[in-house]
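Listed below are the residues making up each chain.
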Amino acid sequence: MNIDFQKMGGLVPAIIQDELTSKVLMLGFMNEEALAKTQETKMVTFFSRTKNRLWTKGEESGNFLNVVSILPDCDNDTLLIKVRPVGPVCHTGDDTCWGEKNEADITFLKYLQDFITVRYKEMPEGSYTTSLFKKGVNRMAQKVGEEAVETVIEATNGTDEGFLYEASDLIYHLIVLLTSKGYALDDLARELKKRHK
């Protein structure tokens, strides 16, 4: 990464974005040393202009910003740092420094996909997801079929609560089946996007 710190007087802006929700959480400044420490520790470290020193976000509050990726902009003088925050980001206790809520329920599906992928790789004992993987693709496919039928029954003759419950089961089991076949929700999104054109 070739950031032009000199062009910006030794400091570059670092935009902090939640990797899951895509919300911008805060803006800070980094010098070369702050960037190096951030890359080394995988926790966002800024150069505090008021304290005139390096400052790791969360060093006092425990609300760390765990780094997922660091991207320079097209001019190599601004950073976009995607993170997984631990707790609220702003010193006021708000989720963001703009007082916004950092939530988007749809992004939980990405978290669930990642969680199921880890289960597939690690196969921990005692996990329902692990037991599905061990039973094989036929059983996983059967579960998707069963949940689809239960969803249809609730949609036509059940309650709204029952419908949402069964539809959630269907999505979960579909993600498990996708994972076992080497696919993810992103693959479905790409396919639907192609069809939309």
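What comes next concerns the included structure. All values reported here derive from a predicted model rather than from experimental measurement.

Here is what the cut-offs are and how they apply
Residues numbered from 1 in each chain as written. Predicted model: local features only at pLDDT ≥ 70, side-chain atom pairs only at ≥ 80, totals over all residues. Heavy atoms only, no water. Helix = DSSP H or I, 4+ residues; strand = E, 2+ residues; numbered from the N terminus. Rg over C-alpha atoms; globule rule 2.2 N^0.38 Å. Contact = heavy atoms within 4.5 Å. Core = buried A, V, L, I, M, F, W, Y, C linked by side-chain atoms within 4.5 Å. Buried < 20%, exposed > 50% of the residue type's maximum accessible area, 1.4 Å probe, protein only. Patch = residues over 30% accessible without salt bridge, like charges linked within 9 Å, V, L, I, M, F, W, Y side chains within 5 Å. Areas by Shrake-Rupley, 256 points an atom, 1.4 Å probe, with all protein chains shown as cover. Salt bridge = Lys/Arg side-chain N within 4 Å of Asp/Glu carboxyl O. Pairing = 2+ DSSP bridges. Axes fitted to C-alpha atoms, helices over the stretch in contact; angles between N-to-C directions. Parallel < 35°, antiparallel > 145°, perpendicular 65-115°, else oblique. Left-handed = near helix turned anticlockwise from the far one by under 90°. Nonpolar A, V, L, I, M, F, W, Y, C, P; charged D, E, K, R; others polar.

### Topic: the overall build of the protein chain
Phase 1: The secondary structure content of the protein chain amounts to six helices and six strands.
Phase 2: Computed over C-alpha atoms, the radius of gyration of the protein chain comes to 22 Å, more than 25% over the 16 Å expected from 2.2 N^0.38 for 197 residues, which places it beyond the range of a compact globule.
Phase 3: C-alpha extents for the protein chain along the principal axes are approximately 65 × 45 × 30 Å.
Phase 4: Considering only contacts in the protein chain between residues 6 or more positions apart, those separated by 24 or more positions represent 47%.

### Some thoughts on the environment of A184
Phase 1: Position of A184 relative to the elements: it lies in the loop between helix 5 (160-180) and helix 6 (185-196).
Phase 2: Considering only alpha carbons, one finds A184 and L174, ten residues apart in sequence, at a separation of 9.5 Å.
Phase 3: In this structure A184 touches Q113 and L178, once residues within four positions along its chain are discounted.

### Notes on the nonpolar core
Phase 1: Counting residues in each nonpolar core, the largest one holds 22 residues, and the members touching the most others are I16, M30, V44, L65, L79 and I81.
Phase 2: Of all elements in the fold, only strand 1 (12-18), strand 2 (24-30), helix 1 (32-41), strand 3 (45-48), strand 5 (65-72) and strand 6 (79-85) reach the threshold of two or more residues within this core.
Phase 3: If sequence neighbours within four positions are ignored, V44 has contacts with I16, M30, T38, W55, T56, K57, L65, V67, I81 and V83.
Phase 4: Ranked by size, the runner-up nonpolar core spans ten residues in total, among them L112, L132, M140 and I175.

### Comments concerning a nonpolar patch on the surface
Phase 1: A contiguous nonpolar surface patch, about 350 Å² in accessible area, is contributed by I15, V24, L27 and W98.
Phase 2: Within the secondary structure, I15 is located in strand 1.
Phase 3: Judged by relative accessible area, I15 falls into the partly exposed class, the value being 30%.

### Focus on the sheet that holds strand 6
Phase 1: One open sheet accounts for four strands, arranged 2-1-6-5; its pairing is mixed. In this open sheet, the two strands that pair with only one neighbour each are strand 2 and strand 5. Each strand axis lies, on average, 25° off the axis of its neighbour in the sheet, ignoring direction.

### So, the pattern of salt bridges
Phase 1: For the structure shown, the criterion picks out 13 salt bridges.
Phase 2: K110 is paired through a salt bridge with D114; the nearest N and O atoms lie 3.3 Å apart. With K110 and D114 both in helix 2 (residues 108-122) and four residues apart, the pair spans about one turn of that helix.
Phase 3: Residue E191 is joined to K194 by a salt bridge in which the shortest nitrogen-to-oxygen separation is 3.3 Å. Remark: K194 and E191 occur in helix 6; sequence separation between them is three residues, near one turn of the helix.
Phase 4: When its relative accessible area of 30% is taken as the criterion, E191 is described as partly exposed.
Phase 5: Its relative accessible area of 58% is what places K194 among the exposed residues.

### A word on the packing of helix 2 against helix 3 (residues 128-135)
Phase 1: Taken N-terminus to C-terminus, the directions of helix 2 and helix 3 make an angle of 60°; their axes are 9 Å apart at the nearest point. Judged on the interaxial angle alone, helix 3 and helix 2 are oblique. The handedness of the crossing between helix 2 and helix 3 comes out as right-handed. Residues I116, R119 and Y120 of helix 2 lie in contact with helix 3, whose contacting residues are T129, T130 and F133.
Phase 2: Partitioning the contact of helix 2 with helix 3 into residue classes produces three nonpolar, two polar and one charged.

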